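Close look at the chain arrangement
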Amino acid sequence: MVRIASPRRSRSVTVDLSSESEQRPCEEAEVFTVATLMQSGLAFAQAHKWKQAATAFRQAVEREPELAEGYWNLGLVERYRGENARAIDALQRAVELDPGNIPAFISLAAVYSMESRWLESATALRSAICLDPHHAQAYYGLGVACSHSRMYPEAIAAFQQAILLMPDRADSYFELGRVHMQLRDWTAAIEMFTKTIRIEPNHANAHYNLRSAMARRSQHLIAQTSASVSAHRPANVILNDPLKALPGPGALPHLPAISRTQSVASKAWQCLPWLEVAFIAIVFLAGLVWVAFMLLGSSVP
């Protein structure tokens, strides 16, 4: 004997469900109700009526708590509604009830990524890869999660596997190039960005990162060349002027070279005061001679 609430009267009525002939129609009606709710939820989701879809899926899992598909659909709808916390709860319940649901693991990882919970995202994606080692999307997502978590070796391995499984996907090359940029491997980064542009010529971010990687590689090569030249120079050479040697202890400072013309002019200029004295003396003596000649001339009768 089971006591249920009557839909038409507020008081309870007693219904005998002891016989199998009466119990089977009730079970079929219950299953049909859950199926109807699932169909309604899918119809609302296709119409982008996320709130009504969430209500339908939530009622379905309330009626059948072990319905993994209902939790999965509820998690997807809550994700589109922006209710990430509710989406995570529903998707976690979905993978608990159905550990082999690869899309549910990937959806859970996507919501974790939206919340920047990269380690948990990577864990969910590793579970998906264990179920399907050839799932390119799972490897790509794992590469992104590991890159944000600065687990660069695992990120490189994941992107390489994603490229191996799906060689025509430009984003895998681009994200791998970004990892190489983080590791300052400019040559590898340039190669990945070039392949990205080859697949998708209008990839603006790939063009920008390619120019940046080429510029940084040039700077790195210049720095390496300068360091190599500096390492082979003598210790007593000034880096700013390779022709200028450092003076030794007690030595005079290095003076610039003087040309022959400059040397003669300098010596003539140094002799100029003596020439002036000689000229004045000659003029004075000439004056004395002239005065004496005049005096002698005036004394003659």
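Residues numbered from 1 in each chain as written. Predicted model: local features only at pLDDT ≥ 70, side-chain atom pairs only at ≥ 80, totals over all residues. Heavy atoms only, no water.

Leu-108, Leu-142 and Phe-159 are the most contacted members of the largest nonpolar core, which has 36 residues in total. Elements supplying a minimum of two residues to this core: helix H4 (84–97), helix H5 (102–114), helix H6 (118–131), helix H7 (136–148), helix H8 (152–165) and helix H9 (170–182). Considering every element that reaches this core, the biggest residue donor is H5, with 8 residues. Excluding its chain neighbours within four sequence positions, the residues that come into contact with Leu-142 are Ala-122, Leu-125, Arg-126, Ile-129, Glu-154 and Ala-158. The next biggest cluster of nonpolar side chains, apart from the first, holds 15 residues, and it includes Leu-37, Ala-53, Leu-67 and Tyr-71. (Core = buried A, V, L, I, M, F, W, Y, C linked by side-chain atoms within 4.5 Å. Buried < 20%, exposed > 50% of the residue type's maximum accessible area, 1.4 Å probe, protein only. Helix = DSSP H or I, 4+ residues; strand = E, 2+ residues; numbered from the N terminus. Contact = heavy atoms within 4.5 Å.)

So, on to unusual backbone geometry. Even without a glycine there, the phi angle at His-48 is positive, about 60°. Considering the arrangement of structural elements, one finds His-48 in the loop between helix H1 (20–46) and helix H2 (50–63). The class for His-48 is exposed, based on a relative accessible area of 56%. Even without being glycine, Arg-150 reaches a positive phi, approximately 60°. Summarising the element assignment, Arg-150 is placed in the loop between H7 and H8.

What follows deals with the pattern of salt bridges. One pass over the full model with this rule turns up 8 salt bridges. With a closest N to O distance of 3.6 Å, Glu-66 and Arg-93 form a salt bridge. Of this pair, Glu-66 sits in the loop between H2 and helix H3 (68–81) while Arg-93 sits in helix H4, and the two are 27 residues apart along the sequence. You can call Arg-93 partly exposed: its relative accessible area is 27%. Arg-93 is the partner of Glu-96 in a salt bridge, and the nearest nitrogen-oxygen pair spans 3.6 Å. Taken as a pair, Glu-96 and Arg-93 lie in helix H4 at a separation of 3 residues, close to a single helical turn. The network of salt bridges with shared partners includes Arg-58, Glu-78 and Arg-81. (Salt bridge = Lys/Arg side-chain N within 4 Å of Asp/Glu carboxyl O.)

Averaged over every residue, the pLDDT of the protein is 79; the share at 70 or more is 70%. In this model residues 1–32 is a low-confidence stretch, pLDDT under 50, and it forms 19 contacts with partners more than four residues away in sequence or in other chains. Segment residues 241–258 is flagged for pLDDT under 50; beyond a separation of four residues in sequence, or across chains, it makes 7 contacts in the model. (pLDDT = per-residue confidence, 0-100.)

On to a nonpolar patch on the surface, then. Residues Trp-290, Val-291, Phe-293, Met-294 and Leu-295 make up a contiguous nonpolar surface patch of roughly 580 Å² in combined accessible area. Tracing the sequence through the fold places Met-294 in helix H12 (residues 260–299). Of the residues examined, Met-294 reaches a relative accessible area of 42% and is grouped as partly exposed. (Patch = residues over 30% accessible without salt bridge, like charges linked within 9 Å, V, L, I, M, F, W, Y side chains within 5 Å. Areas by Shrake-Rupley, 256 points an atom, 1.4 Å probe, with all protein chains shown as cover.)

Within the structure shown, the criterion is met by 3 aromatic pairs. Aromatic side chains Phe-174 and Phe-193 sit 5.7 Å apart centroid to centroid with 50° between the ring planes, which places their arrangement in the tilted category. You can see Phe-174 sitting in helix H9 and its partner Phe-193 sitting in helix H10 (residues 186–199), a full 19 residues away along the chain. Taking NZ or CZ as reference, Arg-79 lies 5.9 Å from the ring centre of Tyr-80, over its face. (Phe/Tyr/Trp six-rings, centres within 6.5 Å; stacked < 30°, edge-to-face > 60°. Lys NZ or Arg CZ within 6 Å of the ring centre and 35° of its normal.)

With that settled, consider the layout of surface pockets. Taken as a whole, the largest pocket encloses approximately 220 Å³ of empty space. When contributions to the lining of the largest pocket are tallied by element, the ones reaching two or more residues are H5, H6 and H7. The element contributing the most residues to the lining of the largest pocket is H7, with 5 residues. The class makeup of the residues in the lining of the largest pocket is 7 nonpolar, 5 polar and 1 charged. Its volume calculated, the second largest pocket comes out at about 170 Å³. The wall of the second largest pocket is formed by Gly-143, Val-144, Ser-147, His-148, Arg-150, Tyr-152, Phe-159, Glu-175, Arg-178, Val-179 and Gln-182. (1 Å grid on protein atoms, 1.4 Å probe; cavity = no way out; pocket = protein on both sides within 12 Å on 5 of 7 lines; lining within 4 Å. Points joined across faces, edges and corners; volume = space filled by probe spheres on them. Nonpolar A, V, L, I, M, F, W, Y, C, P; charged D, E, K, R; others polar.)

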